[in-house]
Amino acid sequence: MLRTRLVSAFFGVLALGLASGATAKVDVTVHYLKQVVAPPPTLSNLDPIPEDLGLRGVELGLEDNITTGRFLGQTYALSVTEVPEGGDFIAAVRAALTSGSLLILDAPMAQVLAAADLPDATDALLFNAGAADVALRSADCRAQVLHTLPSYAMKADALMQFFVARRWTEIALVAGDRVDDQAWADTLETSARKFGLKFGARKTWVFDADMRRNASQEVPLFTQELGDYDVLLVADAADDFARYISYNAWRPRPVAGSEGLRPVAWHRVVEQWGAAQLQSRFEDLADRPMLDRDYAAWAAIRAIGEAVTRTGSSDAATLRAFILSDAFELAGFKGRPLTFRTWNGQLRQPIPLVHERALVAQAPLYGFLHHHNELDTLGLDQPESNCTAFEN
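In this text the structure is predicted, and so the values were computed from the model without any measurement. (Residues numbered from 1 in each chain as written. Predicted model: local features only at pLDDT ≥ 70, side-chain atom pairs only at ≥ 80, totals over all residues. Heavy atoms only, no water.)

S.K.: How should I be thinking about the pairing of strand β7 (residues 170–176) in this particular structure?
M.R.: Within a regular strand, side chains alternate between the sheet's two faces. Of all seven residues in β7, six are buried; the element is thus mostly enclosed. A crossover links β7 with its parallel partner strand β8 (residues 198–205), the connecting element being helix α5 (residues 179–194), and its sense is right-handed. Pairing between β7 and strand β9 (residues 231–235): five bridges, direction parallel. Among the inter-strand pairings, Ile171 is bridged to a residue of β9, identified as Val231. (Buried < 20%, exposed > 50% of the residue type's maximum accessible area, 1.4 Å probe, protein only. Helix = DSSP H or I, 4+ residues; strand = E, 2+ residues; numbered from the N terminus. Right-handed = clockwise from strand over helix to strand, strands pointing away. Pairing = 2+ DSSP bridges.)

S.K.: Which parts of the structure should I look at to understand the domain arrangement of the protein chain?
M.R.: One frequently used descriptor of interface size is the decrease in accessible area upon assembly of the parts. For the protein chain, the assigned domains read domain 1 (3–150 + 267–349) and domain 2 (153–261). Across the boundary between the two partners, domain 1 contributes 14 residues, which contact 15 residues of domain 2. Interface area for domain 1 against domain 2, summed over the two sides, is near 1,100 Å², with a carbon-plus-sulfur share of 57%. Across the domain 1-domain 2 interface, the total number found is two salt bridges. A salt bridge links Arg243 to Asp47, with the shortest nitrogen-to-oxygen separation between them at 3.0 Å. Inspection of the domain 1/domain 2 interface yields two residue pairs in polar contact (both at pLDDT 80 or more). By residue class, the composition of the side of domain 1 that touches domain 2 is seven nonpolar, four polar and three charged. (Domains from an automatic or database assignment. Contact = heavy atoms within 4.5 Å. Buried area = accessible area lost by both parts, 1.4 Å probe. Salt bridge = Lys/Arg side-chain N within 4 Å of Asp/Glu carboxyl O. Polar contact = N/O pair within 3.5 Å; in protein donor to acceptor, adjacent residues only side chain to side chain. Nonpolar A, V, L, I, M, F, W, Y, C, P; charged D, E, K, R; others polar.)

S.K.: How do you make sense of the pattern of salt bridges when you look at a structure like this?
M.R.: Side chains that differ in sign of charge can pair as their charged atoms come close. Under the counting rule described, the total for this entry stands at 24 salt bridges. Between Arg293 and Asp106 there is a salt bridge, with the nearest N and O atoms lying 3.2 Å from each other. Residue Arg293 is found in helix α8 (residues 292–311), and its partner Asp106 is found in strand β4 (residues 102–106); the two are separated by 187 residues along the sequence. Across the pair Asp239 and Arg243 runs a salt bridge, and its minimum N-O distance is 3.0 Å. Several salt bridges share partner residues, and in doing so they unite Asp52, Arg56, Glu59, Arg288 and Asp294 into one network.

S.K.: Teacher, can you tell me more about the environment of Ala242 here?
M.R.: Tracing the sequence through the fold places Ala242 in the loop between β9 and β10 (255–257). Its relative accessible area of 0% is what places Ala242 among the buried residues. Ala242 sits 68 residues away from Val174 along the chain, and the two C-alpha atoms are 8.9 Å apart. Leaving out residues up to four positions away in the same chain, Ala242 has contacts with Val234, Asp236, Ser258 and Glu259.

If you want it as structure tokens, here you go:
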């Protein structure tokens, strides 16, 4: 059964005399729809996926919008729908579209595409806060879908910039055998070749033994066949086996990707640019650190709030046009303003490179230049994208 609830907040205008243009009364309803997906079985349960992942981010963003909106006569209502495993996500989208055209989707790629292709969604504005698939930003893009979650390509390019800067030019890779693992591995390999790095041996992890007991015996033998390399990439989308690779590989080399040095949208170790304050506010709300999908959901509703503030409108077409214009900027606590790419709807954003205890670097790194925006060195630049839906 679907669980839907309405979180609303209505505030009067606290300052007299704000009566024209962007200060006119505006009512904004945002629908957040989350498809619950059963996590695959993993060797360790030390890092369970929070049940409120994404939801707490959109709630924090709602609070931020309310803070600004109360002075401008703008009121916000948030409708939250969680579709259980095997539930009808598209039916939930249809229901949401009957009462609003601003939707934030935390769902796999297939559901995002199905939602965007509904006739009722043609004039809606959808934010993808849960699917990192590169195809959604390329051949399978949709004109009314904007992406606040970084793509796999953005994360892979962030890593490769770091490797180039460190002159780690020879790469080996270990990937899981799940579809998501192989997709992440393929993206890493494509990115490595894009940056002129030498991509060497690639092996698939197929062990079903308990690595909590056997890692020190099995991993050295498994990685010995990789030969020599400067850095070992691990593609493990489910966080299943990657933790057992570090310090057990045959060669004493750095590990990156799903373990060791990781590219993320957000992490608790990012403390500059006001990020510590955002993290503190999130922890007060959720009693846990902010994660990637929390940040993506927060950025989505904040993008809506910023556009409403600047346009004085809640109309989806008006908001989309402003969000994709040169006038839009989002303060994202990452050291530079965030904007959307006009050719595929992806939110430009720096990618922190972290380990569990510190920020190592933030991409784009110094020296990686672009004729328009250095953030476009991460992920699909316009000539690389096969997205045509945004051309008109």
